[in-house]
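In case you want the letters, here they are:
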Amino acid sequence: MHEVYNSSARGLQHPVNPDALIPTLPRVRDLVVAFFTGALETWERFTEEFAADGVIATTSTGERLRAWMPTTNDVNEGKLGELRMSSRRAPNMTLQQFNARKMYRKNDTKTYRRLLQSHDHKMIRLKARMVDSSGLTKKRRDTQAQADLLVVAAKRANGVEKAAKKKKVNAALDKLSDGLWLTEALLDAQLAWHRRAELRELKKPSESLIPKVSRLGTKQLKVDALIGAVQRYNASAGIVGPGGDQMDVIRDADDRDIVMESAY
């Protein structure tokens, strides 16, 4: 039985015998038996094809050779990795050249070349000139360049759109003052105004005490969050009441100041 090490308060390692833990786990044996009992059904189903009279055992050698395939896709993934590394070493190498080199090695073309006659070489050179004059590589690179330009243009347009939206929101917030209008229509705007004010004062935006409006599901939650924001704002601005207590200045729909105790 392998030993399990347990660290003490002094940082020393003491071996613990797993068998000593079994009495503290009264159901461990039942759990192990239940696990292997359930797994046995699956194991039997998975190993049916390997039975003496199964499909694999009854196939011929030729059938097995025709049915063979790699157990994983590592070969294809390896070639993709080679293409990436080749692009680092030779950035200007075309995909056509890369494929030709790999096929040359894979198919052992060097050995096959020794069997070719002069007319075979002539035909190969003719085919090579036809491929080179077709301009396939240039077309592929032009297509890739156009696609890259479209991606850049889309990102720039997205950035301009985001900047315009942010500017619009900031312009709307700048029209608001630091008071609190108890109108439902401007409740979200007031929360956004105070959230922006707090974020500007904090080093980490995640430290803002005002959650996003989308996370405040009810009006009461928004009101509570706004009251807390006004209290913090007034505390930082030094607004105090006649008795020295912190006061909150809230405006009603008629733009009249209403002074409320912080305890509210």
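Residues numbered from 1 in each chain as written. Predicted model: local features only at pLDDT ≥ 70, side-chain atom pairs only at ≥ 80, totals over all residues. Heavy atoms only, no water.

A. Just the overall build of the protein chain, in detail. Tallying secondary structure elements over the protein chain gives 11 helices and 4 strands in all. Relative to its 264 residues, the protein chain shows a buried fraction of 14%. Accessible area of the protein chain: about 21,600 Å², with a carbon and sulfur share of 58%. (Helix = DSSP H or I, 4+ residues; strand = E, 2+ residues; numbered from the N terminus. Buried < 20%, exposed > 50% of the residue type's maximum accessible area, 1.4 Å probe, protein only. Areas by Shrake-Rupley, 256 points an atom, 1.4 Å probe, with all protein chains shown as cover.)

B. Highlighting a nonpolar patch on the surface. Side chains of Val32, Phe35, Phe36, Leu40, Trp43 and Phe46 sit close together on the surface and give an oily, nonpolar patch of about 640 Å² of accessible area. By secondary structure assignment, the location of Trp43 is in helix H2 (residues 28-46). Relative accessible area serves as the criterion here: at 45%, Trp43 is assigned to the partly exposed category. (Patch = residues over 30% accessible without salt bridge, like charges linked within 9 Å, V, L, I, M, F, W, Y side chains within 5 Å. Salt bridge = Lys/Arg side-chain N within 4 Å of Asp/Glu carboxyl O.)

C. Inspection of unusual backbone geometry at higher detail. With phi around 55°, Asp108 is a residue other than glycine that occupies positive phi space. Here Asp108 is to be found in the loop between helix H6 (95-106) and helix H7 (109-113).

D. Up close: the environment of Gln96. Looking at where Gln96 falls in the secondary structure, it is placed in helix H6. Residue classification places Gln96 among the partly exposed positions, given a relative accessible area of 35%. Gln96 sits 35 residues away from Val131 along the chain, and the two C-alpha atoms are 9.9 Å apart. Among residues more than four places away in sequence, those in contact with Gln96 are Val131 and Thr137. (Contact = heavy atoms within 4.5 Å.)

Everything listed is a geometric property; what it means functionally is a separate question.
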